[in-house]
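# Structural characterization, general
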Amino acid sequence: MTENHYHFYASSVAQWATTNDKRDLRQLLKLMDKDGYPYNLFLVPGKHTDPYEIAMYQPMVKGTQWLGTFTLPKKKKK
């Protein structure tokens, strides 16, 4: 099996998280959705263990791709 040389990075105003050996993309999205804040998702070249700078909630790595902003629909009042 080949090793991934990229990872996903998600950040909101409240938290950040990445995919890693124990968390896949589906689990990352579920974690961020659970927090309830809008968040941005990035595809970052390199392993999740590689050191890199973060500025304004986004990774500062050459080749990083912004994949979008994710928001949860507001719950209707009952």
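Since the structure is predicted, the reported quantities are computational estimates derived from the model, not experimental observations. (Residues numbered from 1 in each chain as written. Predicted model: local features only at pLDDT ≥ 70, side-chain atom pairs only at ≥ 80, totals over all residues. Heavy atoms only, no water.)

### With respect to a nonpolar patch on the surface
On the surface, Val13, Tyr37, Met56 and Tyr57 cluster together into a nonpolar patch covering about 500 Å² of accessible area. Along the polypeptide, Met56 turns up in the loop between strand E4 (54-55) and strand E5 (58-59). By relative accessible area, Met56 is classed as exposed at 73%. (Patch = residues over 30% accessible without salt bridge, like charges linked within 9 Å, V, L, I, M, F, W, Y side chains within 5 Å. Areas by Shrake-Rupley, 256 points an atom, 1.4 Å probe, with all protein chains shown as cover. Salt bridge = Lys/Arg side-chain N within 4 Å of Asp/Glu carboxyl O. Helix = DSSP H or I, 4+ residues; strand = E, 2+ residues; numbered from the N terminus. Buried < 20%, exposed > 50% of the residue type's maximum accessible area, 1.4 Å probe, protein only.)

### Looking at the environment of Gly36
The residue Gly36 is located in the loop between helix H1 (25-35) and strand E3 (39-45) in this model. Residue class for Gly36 comes out partly exposed when judged on its relative accessible area of 45%. In this structure, the C-alpha to C-alpha distance between Gly36 and Leu72, residues 36 residues apart in sequence, is 6.9 Å.

### Let's talk about the side chain of Ser12
Relative to the helices and strands, Ser12 resides in the loop between strand E1 (6-11) and strand E2 (16-18). A polar atom in the side chain of Ser12 sits 3.1 Å from the backbone nitrogen of Ala14. Leaving out residues up to four positions away in the same chain, Ser12 has contacts with Met32, Asp35, Tyr37, Pro38, Tyr39 and Tyr57. (Polar contact = N/O pair within 3.5 Å; in protein donor to acceptor, adjacent residues only side chain to side chain. Contact = heavy atoms within 4.5 Å.)

### Re the confidence of the model for the protein
Across the protein, pLDDT averages 91, with 90% of residues at or above 70. Averaged pLDDT values for the elements of the protein fall to 95 in E4 and rise to 98 in E3. (pLDDT = per-residue confidence, 0-100.)

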